[in-house]
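Summary of the model geometry
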Amino acid sequence: MIMQYRTINVSASRCYNIHIGRGLLAGIGELVRPLLGHCRLAVLTDSNVDALYGNAMMQYLTSAGYDVCKYVIPAGEASKCAENLLAFLNFLAREQMTRSDAVIAFGGGVVGDLGGLSASLYLRGIKYIQVPTTLLAAVDSSVGGKTAIDIPAGKNLVGSFYQPSMVCCDTALMDTLPAEIYRDGCAEVIKYGMILDAALYDTLHTLPFDREAVVARCVEIKRDVVQQDEFDNGIRGLLNFGHTFGHAIEKLSNFGVSHGEAVAKGMVIAARIAPLCGLCNVADELSALLVEYGFDITCGYSAGEIYDALLSDKKRRGGNISVVLPRAVGDCVLHTIPVEELKELLHKVI
Ligand SMILES: NC(=O)c1ccc[n+]([C@@H]2O[C@H](COP(=O)([O-])OP(=O)(O)OC[C@H]3O[C@@H](n4cnc5c(N)ncnc54)[C@H](O)[C@@H]3O)[C@@H](O)[C@H]2O)c1
């Protein structure tokens, strides 16, 4: 018997439910059964999640009558690589998984992205279920069907759009997240408030926030955006608020600055640029909230360094670059700026 949980429905190239609740993992068998019937399940997870919750996951699924196998990758971004993709595909083949079987991606964004891509490729596509265990994965990477691995030429350069068949988000799993990893997810939560929901943003001033309610609201926002632009040709770009500058900072730091901290710094740069483009000035308000969450919002790099790093960013189109700027708290727009102009703007705000 499953306790209370919320369900958000996504209607994209595949329709699926996102279930969110504290303690929901114990009911995963019940949630999976109507969806997949009797099948084999391959759980992909990482070494940290496996040590904490691997046995529980296996027990919940086997006691629900499922035949389950498990594949564990080392924790960390380095695991989101071609070698692990091939190794996991080989594992699925050795386990004789068929097209009616399914993958369960049990972990943060690394496991989710690798598991989703593997499921999209194996036998030309088998079903997969996302069971996010980080705040970032819950509000962002498990929703919307973007899958990827990193290759030596860059992050997320190989991937697919492939929607899961279900997302099962047990918010209690996040209790064991190291503080910095939880905070990385908070940067994404603040991003959702800034781009589309001033009411959500306001609730974030009360710490700690109501995790279930906040995760559910972020997932609804992402769902609404993905339903309008599943393949990222327009409005989905709004989700990149803070990310264009953030990616430049991550790259410059050789990934020493965490993703969340880089996004926080990137959002502040964007908010400072906005009034110079005739939009409103929310930079002080946003900076104050980010500092409340413990983010160091100083850029740490010169305008010239950020500009050079940006030029190799994939969001650059010809002589223009697309950035997301705030018009107000809860209202951001995609803004196209000639790269030369951006250079001057960066010199004014950094
Ligand atoms: N597909 C998308 O739309 C999308 C969106 C945003 C980010 N991403 C990708 O997501 C990845 C980042 O995701 P992430 O921040 O979740 O990183 P991650 O998967 O590396 O997890 C971060 C760390 O937390 C540990 N961890 C996970 N769950 C835990 C738990 N419950 N308790 C304790 N430790 C736990 C992991 O082992 C890891 O060490 C990046 O590769 C990024 O490119 C994808």
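Model, not experiment: these values are computed from the prediction.

Conventions and cut-offs
Residues numbered from 1 in each chain as written. Predicted model: local features only at pLDDT ≥ 70, side-chain atom pairs only at ≥ 80, totals over all residues. Helix = DSSP H or I, 4+ residues; strand = E, 2+ residues; numbered from the N terminus. Rg over C-alpha atoms; globule rule 2.2 N^0.38 Å. Buried ≥ 20, exposed ≤ 12 C-beta atoms within 10 Å, placed from the backbone. Contact = placed C-beta atoms within 7 Å. Pairing = 2+ DSSP bridges. Axes fitted to C-alpha atoms, helices over the stretch in contact; angles between N-to-C directions. Parallel < 35°, antiparallel > 145°, perpendicular 65-115°, else oblique. Left-handed = near helix turned anticlockwise from the far one by under 90°. Nonpolar A, V, L, I, M, F, W, Y, C, P; charged D, E, K, R; others polar. Near = placed C-beta within 6 Å. Expected span 1.5 Å × (residues − 1). Domains from an automatic or database assignment.

1. Overview of the overall build of the protein chain
- Helices and strands together make up the secondary structure of the protein chain, namely 13 helices and 12 strands.
- Over its C-alpha trace the protein chain gives a radius of gyration of 20 Å, about what one expects of a compact globule, namely 20 Å for 350 residues.
- A burial count over the protein chain gives 45% of its 350 residues as buried.
- For the protein chain, the proportion of contacts with a sequence separation of at least 24, taken over those separated by at least 6, is 72%.

2. A few points about the environment of A119
- Tracing the sequence through the fold places A119 in helix α4 (residues 109–121).
- Overall, A119 belongs to the buried group, with 29 C-beta atoms counted inside 10 Å.
- For A119, the residues in contact, after removing those within four places along its chain, are V103, G125, I126, K127, Y128 and Y162.

3. Considerations on the sheet that holds strand β3 (residues 40–46)
- Taken in spatial order, the 7 strands line up as β1-β2-β9-β6-β5-β3-β4 in an open sheet, and their pairing is mixed. Bordering the open sheet on either side are β1 (6–11) and β4 (67–73), each of which pairs with just one other strand. Taking the axes of each pair of neighbouring strands and ignoring which way they run, one obtains an average angle of 20 degrees across the sheet.
- Sheet analysis places strand β5 (residues 102–107) next to strand β6 (residues 127–132), joined by 6 bridges and oriented parallel. If you follow V103 over to β6, its bridge partner there is Y128.
- Relative to the sheet, helix α2 (residues 47–63) contacts β3, β4 and β5, its axis offset from that of β3 by approximately 160 degrees.

4. With respect to the packing of helix α10 (residues 259–273) against helix α11 (residues 283–292)
- It is at 9 Å that the axes of α10 and α11 come closest, and there the two elements cross at 165 degrees. Judged by the angle between their axes, α10 and α11 are roughly antiparallel. Two packed elements cross with a definite hand, and for α10 against α11 that hand is left-handed. Of the residues in α11, those touching α10 at A264, M267, V268, A271 and R272 are A283, L286, S287 and L290.
- Residues belonging to the contact of α10 with α11 are distributed by class as follows: 7 nonpolar, 1 polar and 1 charged.

5. A short note on the site of the ligand
- Surveying the vicinity of the ligand reveals 29 residues, the closest of which are N48, A75, G108, G109 and S141.
- Class assignment for the residues of the shell around the ligand results in 11 nonpolar, 11 polar and 7 charged.

6. Here we look at unusual backbone geometry
- A cis amide bond links L207 to the next residue, P208, at an omega of -5 degrees.
- Within the secondary structure layout, P208 lies in the loop between α7 (198–203) and α8 (211–228).
- For L123, which is not a glycine, the phi torsion comes out positive at approximately 50 degrees.
- Note that L123 resides in the loop between α4 and β6.
- On the basis of neighbour count, L123 is assigned to the partly exposed category, with 14 C-beta atoms found within 10 Å.
- Here R124, not a glycine, exhibits a phi torsion of approximately 65 degrees, which is positive.
- With respect to the helices and strands, R124 occurs in the loop between α4 and β6.

7. Here we look at α10
- Relative to the 21 Å expected for 15 residues at 1.5 Å per residue, α10 spans 21 Å between its end C-alpha atoms, a close match to the ideal helical length.
- A large share of α10 lies buried, amounting to 15 of its 15 residues.

8. Concerning the environment of L345
- Note on placement: L345 falls in helix α13 (residues 339–349).
- Residues L345 and T203, 142 residues apart in the sequence, show an inter-C-alpha distance of 32 Å.
- Beyond its immediate chain neighbours, meaning those up to four positions away, L345 contacts I273 and L276.

9. Some thoughts on the domain arrangement of the protein chain
- As far as domains go, the protein chain holds domain 1 (6–176) and domain 2 (180–349).
- Taking only C-alpha atoms into account, the centre of domain 1 sits 27 Å from that of domain 2.
- The interface is formed by 22 residues belonging to domain 1 together with 21 residues belonging to domain 2.
- Of all the secondary-structure elements, those providing two or more residues to the side of domain 1 that touches domain 2 are β1, β2 (15–21) and α5 (135–141).
- Among the elements that line the side of domain 1 that touches domain 2, the one with the most residues is α5, at 5 residues.
- Here the side of domain 1 that touches domain 2 is built from residues that sort into 13 nonpolar, 6 polar and 3 charged.

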